[in-house]
Amino acid sequence: MTDLRLPHGTRVGTPVHGEEEREARASGGDRSGRPGASKDPSLKGLTMSADPIWFGHEDRPLAGWLHLPGYGRATGGVVLCPSLGLEALTAYAAYRRIARALAEAGLAVLRFDYRGTGDSAGTLGEDASAEGWIEDVGLARAHLAACGVTRVALVGLRLGATIAAASAARCRPDALVLWDPVAKGRTFLREQQALKAFSLGETRASVEDGIDLPALHVPTRLAKELKTLSLRGRCLGASPCLLLERPARQEDAVLEAYLERSCVERAEAVGQESFIDIEPGSSVLPEQTMDTIAAWLSRRFATGAPAPVRRRGRKTVRLVGAGGAEVVERAVVFGDHDAFGIVSEPAGGSEGPAIVLSSLGALPHVGPGRLWVDLARSWAAAGRRVLRFDVGGIGDSPAPPGRTERVAYPVDGVADVLEAAALVSPADPSDVVLVGICSGAYHSVEAARVLAPAGLVIVNPIFNLIPAGLRDPAAPVDEGDPLPPPNRVIAWMRHNNLVVRIAKVPRLDAIRRNPPLAAFLDDSYGRQLSFGSWLP
């Protein structure tokens, strides 16, 4: 069996601290005056920790992040319930920010993925269900209770609000936040189909085996279940609730009936259109709305006495992969700036080059439509060691000093890929295959120039740009002005946009079936560009 040996400086499952905290530690500063932190150092905001964990059923673990106040006591807890598809990906950074702020304010927070989504076990086609997701919210609440939290609030965005509200009707949380909720799953599906038609010009959303939404394919069975998901006939009861709505949203009779017995405070969901109804790379975080949520929850739990809390959760899980093969997954924090990723590998040991899957654009490490999770587990079941990770400032990787969060093309992004290669193949970092789409492809190509890896799989890379960090601030921005090419061949490829054209071929295996073209691509970089020909 091949063990995962971590290079110097790498920690498995250790607390991950936010960028602000690392800066405060480095400068010796006092964090008590920062927004969201109490000025009473005996109670709140001295520090916070965030741990990647799996929890819930042993054979169907749920993935999440547990954020705890650093002093070991909490006045309450919060479960963050995500939406689905593109909305979940777009809101990832917002949920991370909210969790961090609440933990600094003295609350324990668990953000998590439903079964069949994100890093949790299972698939949408076989394991996901509306009823199961409602149960998952209960499992998340139970996990906070096992950590020592006595009072728990639920927060849900869009469809996540529907799921949280359905769960709250059963478990009666101490507080509930409904952020731009949809009262019926059918409404969510219809709005997402309209968004896809508007943004991509695609009017055919329903296909033979399900419904295609932005960044998500919903299988037929699950789509039918979501259409029946509704708050009709459910009632929250007396639990206090914060309802954040868009100003132009029409009153929903089903939602109002659900809330009729509760103590409801209403506020505007400011900036929602530029936050959630847009692709992740262009999304603007709704700072005012996030502050409203954090302040309201802090007030709800302000009167409680802090109770001791402890970290609980599994750092490693065993999953059943393709063909029944057992796959081991573990969360890793690595490199000089605490980059985050998940390693998947066969339980019996891996063979051949390891695979590195880089995040793309503003999307976290799960990839578009959960592609990286599915590929990682599939390749691990076939005998490979695979790392899916977040470039610094994206997903769960904090931005290194000097880098801004949520920048798709950081000028030093290549360093993150090199550290990822050293993690999964410490004996020989070049014995890897780098895989990337769009910005991930760009960073992988730059890393390949340094590593000369065993293979390189790139889809839709963009070479005719200058990363923001290399631009002259006084010069006009010209996205068409390329970086200086390393040689004449690459200059010719960039001038003709050749790699981008190749990436748009419907089937990438058409490339490797053209020997002259494949040989040209190999020779142009002086190394193997297999385009997936060796992959299982």
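All residue numbers refer to position in the chain's written sequence, counted from 1. Local features are withheld for residues below a pLDDT of 70 in this predicted model, meaning they are given only at 70 or higher, and side-chain atom pairs are given and counted only at 80 or more; totals for whole chains, interfaces and linings count all residues. Only hydrogens and water are set aside; all other atoms, that is, all heavy atoms of the structure, feed into the side-chain values.

A word on the sheet that holds strand β3 (residues 60-69)
Part 1 of the argument: Two strands are said to pair when DSSP picks up at least two bridges between them. Helix and strand definitions follow DSSP, with helices as H or I runs of at least four residues and strands as E runs of at least two, each counted in order from the N terminus. Reading across the sheet, the 8 strands line up as β2-β3-β6-β5-β7-β8-β12-β13 and stay open at both edges, with mixed pairing between neighbours. Bordering the open sheet on either side are β2 (48-57) and β13 (264-268), each of which pairs with just one other strand. In this sheet, neighbouring strand axes are inclined to one another by 20° on average, regardless of whether the strands run parallel or antiparallel.
Part 2 of the argument: The sheet contact formed by β3 and strand β6 (residues 107-112) spans 4 bridges and is antiparallel. Its bridge partner lying in β6, Gly-64 is registered against Phe-112.
Part 3 of the argument: Contacting β5 (76-81), β6, β7 (152-157), β8 (175-179), β12 (241-245) and β13, helix α10 (residues 287-300) crosses the sheet at an angle of about 170° to β8. Here the axes come from fitting lines to C-alpha atoms, over the contacting stretch only for helices, and the angles between their N-to-C directions go from 0 to 180 degrees. Any two residues having at least one pair of non-hydrogen atoms within 4.5 Å are treated as being in contact.

Describing the pairing of strand β21 (residues 455-459)
Each regular strand carries side chains that alternate between the two faces of the sheet.
Part 1 of the argument: Summary of the burial criterion: residues with accessible area below 20% of their type's maximum are buried, those above 50% are exposed, and those between are partly exposed, where the area comes from a 1.4 Å probe applied to protein chains only. Taking burial as the measure, the 5 residues of β21 include 4 buried ones, the bulk of the element.
Part 2 of the argument: Two elements, strand β20 (residues 432-437) and β21, share 5 bridges in a ladder whose sense is parallel. Across the sheet, the residue bridging to Gly-436 is Ile-458, located in β21.
Part 3 of the argument: For the handedness criterion, the β-α-β arrangement of β20, helix α13 (residues 439-451) and β21 is classed as right-handed. The handedness rule is simple: strands pointing away from the viewer, and a clockwise path from the first strand over the helix to the second, make the crossover right-handed.

Quick word on the nonpolar core
Part 1 of the argument: By nonpolar core we mean a set of buried residues, namely Ala, Val, Leu, Ile, Met, Phe, Trp, Tyr and Cys, connected to one another through side-chain atoms within 4.5 Å. One finds Phe-112, Trp-133, Leu-176, Leu-178, Leu-226 and Tyr-258 to be the most contacted residues of the largest nonpolar core, which totals 57 residues.
Part 2 of the argument: Top element by residues in this core is helix α5 (residues 159-171). It accounts for 8 residues.
Part 3 of the argument: In this structure, Ala-99, Ala-269, Met-290 and Trp-296 belong to the second largest nonpolar core, which totals 29 residues.

Observations regarding helix α7 (residues 220-228)
Part 1 of the argument: Every buried residue of α7 is listed here: Leu-222, Ala-223 and Leu-226. Buried residues along α7 cover an arc of 100° about the axis, so they all sit on one side. Relative to its buried face, α7 has exposed residues pointing more than 90 degrees away, namely Lys-224 and Thr-228. The arc in question is the one spanned by the directions pointing from the helix axis to the C-beta atoms.

So, the packing of helix α12 (residues 413-424) against α13
Part 1 of the argument: Contact pair α12 / α13: the axes reach a minimum separation of 8 Å and the direction vectors enclose 65°. Between α12 and α13 the crossing geometry is right-handed. Contacts from Gly-413, Val-414, Val-417, Leu-418 and Ala-421 in α12 reach His-443, Glu-446, Ala-447, Val-450 and Leu-451 in α13.
Part 2 of the argument: Here the contact of α12 with α13 is built from residues that sort into 7 nonpolar, 2 polar and 1 charged. Rotating anticlockwise by less than a right angle from the far helix to the near helix defines a left-handed crossing, while the corresponding clockwise rotation defines a right-handed one. Charged means Asp, Glu, Lys or Arg here, nonpolar means Ala, Val, Leu, Ile, Met, Phe, Trp, Tyr, Cys or Pro, and polar covers whatever is left, Gly included.

Regarding the pattern of salt bridges
Part 1 of the argument: Salt bridges, as used here, are contacts in which a Lys or Arg side-chain nitrogen is within 4 Å of a carboxyl oxygen on Asp or Glu. In the structure shown here, the tally under the stated rule is 31 salt bridges.
Part 2 of the argument: One salt bridge in this structure joins Arg-115 and Glu-135, with 3.5 Å as the shortest N-O distance. Of this pair, Arg-115 sits in the loop between β6 and α4 (130-146) while Glu-135 sits in helix α4, and the two are 20 residues apart along the sequence.
Part 3 of the argument: Residue classification places Arg-115 among the buried positions, given a relative accessible area of 6%.
Part 4 of the argument: Its relative accessible area of 36% is what places Glu-135 among the partly exposed residues.
Part 5 of the argument: A salt bridge links Arg-221 to Glu-225; the nearest nitrogen and oxygen atoms lie 3.1 Å apart. With a gap of 4 residues between them, Arg-221 and Glu-225 both fall in helix α7, about one helical turn apart.
Part 6 of the argument: Of the residues examined, Glu-225 reaches a relative accessible area of 25% and is grouped as partly exposed.
Part 7 of the argument: Put simply, Glu-87, Arg-158, Asp-180, Glu-191, Arg-246, Glu-273 and Asp-277 are held in one network by salt bridges that share partners.

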